[in-house]
Each structure stands twice: as C-alpha cells, then as structure tokens.
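Now for the letters of each chain:
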Amino acid sequence: MTDPFFAALRERRPDVDIVILPPADPSEPLPEATAAELSRSAQVVDATVAAIAARVPEPTSDGPRWEAYNSENVRRWTQLEARTADGDAILAGLDQAFRDARWHSTVVVKAFHRWTASRADVQIVGTWSESHHGLVVTVTGQLLRPPANVREALV
C-alpha cells in the first residue's frame, strides 16, 4: 500500500492485516440474475471447491450452498476444513496452481498462513495454523440477485 497512513500503520504494526472491505451493499440494486447466471455461478464455485478439495487431505465440507447476503441477494458458498501438519505446503501448492491459472493469488505468513485468491466471479480465503494443524478454506461466489421466488427456494 502506498497510502502514507497505511504505510505507517504497517510499519508500526506488522502483525496486523489491513483489509479494506467493499461496501456492504451495492450502491445500486443488482440486476435480476437469470437462471443461467445462477447455474454458472454454482458451477464455477463448485468446480473451484473440487479443485481445492483434491489437494487437501480428507477434507470435511460445509456446503456448497447458497448463502443469503441480504434481503435480495445470494452467493454460492463452501467451506473446507482439514487437520494436517502440511498446511503450509498445501497452501503454497494451491497458490502456485491458481497463479498458473491466472488468478490473483497470494500467501502471507505471519502468526498463521493465509492464502487468498480471486477473480471476478470467485473469492477464496484459506488459513492454516501450525500450532493447531487446522486448515480452513472458504470459497465464495459472486453476489447475485435472483427473482424473489427463486431466492426463497435457494436459501
């Protein structure tokens, strides 16, 4: 970050991750998603989860499922968890694989290992704690606004 405030904060507190979040709600309502857009989002997230799960030893999964984002929007969501002593190597391998696939991907090591990867339609956050051997990877799809009757069926 080149902003002087954040640069000074980073220098004084290197153990703190600075995360700038997007606004909680889109500034304008999203256009209504079609069945094809909902299907594509599910396919993309589910395929991403499958690619990650193939590299994680004996993962347990919460999802995939549609998650209510607010009163109108949903997004596809899955969380994988595993106990492993090799979480650092797994995250490094995932980082390289996703970089090779032209995703924006980074691993940061501080108190724990944190891997983030993203592209326009999917965001991934993975963490691994060496002391607990706990690996958690969350995959989230893009925000969509389905028709109200479809939303009720999804969530």
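Report on the accompanying structure.

How each quantity is defined
- Residues numbered from 1 in each chain as written.
- Predicted model: local features only at pLDDT ≥ 70, side-chain atom pairs only at ≥ 80, totals over all residues.
- Heavy atoms only, no water.
- Helix = DSSP H or I, 4+ residues; strand = E, 2+ residues; numbered from the N terminus.
- Buried < 20%, exposed > 50% of the residue type's maximum accessible area, 1.4 Å probe, protein only.
- Lys, Arg positive; Asp, Glu negative; His and termini not counted.
- Salt bridge = Lys/Arg side-chain N within 4 Å of Asp/Glu carboxyl O.
- Polar contact = N/O pair within 3.5 Å; in protein donor to acceptor, adjacent residues only side chain to side chain.
- Core = buried A, V, L, I, M, F, W, Y, C linked by side-chain atoms within 4.5 Å.
- Contact = heavy atoms within 4.5 Å.
- Expected span 1.5 Å × (residues − 1).
- Arc of directions from axis to C-beta.
- Phe/Tyr/Trp six-rings, centres within 6.5 Å; stacked < 30°, edge-to-face > 60°.

1. Section: the side chain of Arg151
Residue position: Arg151 is located in helix α4 (residues 148-154). Buried within the structure, Arg151 lacks any salt-bridge partner; Glu152 is the closest side chain of opposite charge, at an N-O distance of 7.2 Å. Polar contacts involving the side chain of Arg151 include one to the main-chain carbonyl oxygen of Asn70, which spans 2.5 Å.

2. Thoughts on the pattern of salt bridges
Under the defined criterion, the tally for this structure stands at 6 salt bridges. For Asp121, the salt bridge is made with Arg40, and the minimal N-O distance between the two is 3.0 Å. Taken together, the positions of Asp121 in the loop between β4 (113-119) and β5 (122-129) and Arg40 in helix α2 (residues 35-53) put the pair 81 residues apart, joining distant regions of the chain. The class for Asp121 is buried, based on a relative accessible area of 10%.

3. Some remarks on the nonpolar core
The tendency in soluble globular proteins is for nonpolar side chains to be buried side by side. Counting 20 residues, the largest nonpolar core has Ile52, Phe98, Trp115, Ile124 and Val139 as its most contacted members. Listing elements by their share of this core, those giving two or more residues are α2, β2 (74-83), α3 (87-100), β4, β5 and β6 (134-141). Ignoring any residue separated from it by four or fewer positions in sequence, one finds Ile52 in contact with Leu80, Leu94, Phe98, Trp115, Ile124, Val137 and Val139. If you look at the next biggest cluster of nonpolar residues, it comprises 6 residues, including Ala33, Ala42, Trp66 and Val74.

4. What to know about α3
With 14 residues, α3 ought to run about 20 Å at 1.5 Å a step, and its terminal C-alpha atoms sit 20 Å apart, in line with that. Among the residues of α3, Gly87, Ile90, Leu91, Leu94, Asp95 and Phe98 are the ones counted as buried. Down the axis of α3, the smallest arc covering the buried residues is 135°, so these residues share one side. The inward-facing, buried residues of α3 abut α2, β3 (104-109), β4, β5 and β6. Just downstream of α3 lies Arg102, where phi reads positive at about 70°.

5. Things to note about the packing of aromatic side chains
Between two aromatic rings, the relevant description is the distance of the centres plus the angle of the planes. Throughout the structure, instances matching the rule amount to 2 aromatic pairs. Ring geometry for Phe98 versus Trp103: centroids 4.9 Å apart, planes at 80°, classification edge-to-face. Of the two residues, Phe98 and Trp103, both sit in the buried class. Classification of Phe98 by relative accessible area gives buried; the value is 9%. Chaining the aromatic ring pairs together yields one cluster made of Phe98, Trp103 and Trp115.

6. Section: α2
Since the α-helix advances by 3.6 residues per turn, residues separated by three or four positions end up pointing in the same direction. Compared with the 27 Å implied by 1.5 Å per residue over 19 residues, the 27 Å span of α2 between its first and last C-alpha is a close match. Inspection of α2 places Leu38, Ser41, Ala42, Val44, Val45, Thr48, Val49 and Ile52 among the buried residues, and these make up the whole buried set. One side of α2 carries all its buried residues, which in axial view fall inside an arc of 165°. Every exposed residue of α2 that faces more than 90 degrees away from the buried side is listed here: Ala35, Ala36 and Gln43.

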